[in-house]
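A structural walkthrough
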Amino acid sequence: MFTVTGSFDDGATYTVQITGRADRPVIGSYRAAALVELHQGQSVALSPTGPMAAVAGDDEASVLAVLREKTNVLEVSGAVRRQARVPES
């Protein structure tokens, strides 16, 4: 589990914990949790140059990627323990 602090486009700030649990991937902000839930199953770039991965609640890297893509992430505390599942070609 690690902590992410950021802000939404309207200036509202959040601090959440990314849990790595499929049933509750984000704790601390209903708005950030809803954002992650809205994008589950969609492809997201894990870094500016890729690779792409499907957003899954138990994949900490993909949850963080959604927050980075859709909000202004200011700080990440702790280490991302899980690697994203990248489908084989």
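An account of the accompanying structure is given in this report. (Residues numbered from 1 in each chain as written. Predicted model: local features only at pLDDT ≥ 70, side-chain atom pairs only at ≥ 80, totals over all residues. Heavy atoms only, no water.)

1. What about the overall build of the chain?
Check the secondary structure of the chain and you find two helices and six strands. Listed N to C, the secondary structure of the chain is β-β-β-α-β-β-α-β in terms of helices and strands. Here the chain holds 89 residues, and the buried ones make up 38% of them. Of all intrachain contacts in the chain linking residues separated by at least 6 positions in sequence, the fraction that spans at least 24 positions is 45%. Put simply, the chain shows about 5,300 Å² of open surface, and 49% of that area lies on carbon and sulfur atoms. (Helix = DSSP H or I, 4+ residues; strand = E, 2+ residues; numbered from the N terminus. Buried < 20%, exposed > 50% of the residue type's maximum accessible area, 1.4 Å probe, protein only. Contact = heavy atoms within 4.5 Å. Areas by Shrake-Rupley, 256 points an atom, 1.4 Å probe, with all protein chains shown as cover.)

2. Thoughts on the sheet that holds strand β6 (residues 72–77)
Spatially, the four strands line up as an open sheet ordered β3-β2-β1-β6, and their pairing is antiparallel. The open sheet terminates on both sides in strands that have one partner only, identified here as β3 (26–27) and β6. Across two bridges, strand β2 (residues 13–18) lies against β3 in antiparallel orientation. In the sheet register, Ile 18 faces β3, and the bridge partner there is Val 26. (Pairing = 2+ DSSP bridges.)

3. Some remarks on the side chain of His 39
The topology assignment puts His 39 in helix α1 (residues 30–39). Judged by relative accessible area, which is 12%, His 39 ranks as buried. Within the structure, the side chain of His 39 is placed 2.9 Å from the backbone oxygen of Leu 35, a separation counted as a polar contact. His 39 has contacts with Val 55, Val 66 and Lys 70, leaving out every residue within four places of it along the chain. (Polar contact = N/O pair within 3.5 Å; in protein donor to acceptor, adjacent residues only side chain to side chain.)

4. A short note on helix α2 (residues 60–70)
Of all 11 residues making up α2, eight are buried, and the element is well covered by its neighbours. Those residues of α2 not exposed but buried are Glu 60, Ala 61, Ser 62, Val 63, Leu 64, Ala 65, Val 66 and Leu 67.

5. Notes on the pairing of strand β1 (residues 2–7)
Where β1 lies against β2, six bridges are found, and the strand directions are antiparallel. Bridged to Ser 7 within β2 is Thr 13. Across five bridges, the pairing between β1 and β6 is antiparallel. Note that in β6 the partner of Thr 3 across the bridge is Ser 77.

6. Let's talk about the environment of Ala 53
Relative to the elements of secondary structure, Ala 53 occurs in strand β5 (residues 52–54). Assessed through its relative accessible area of 1%, Ala 53 is described here as buried.

Limitation: the analysis is restricted to geometry and does not speak to function.
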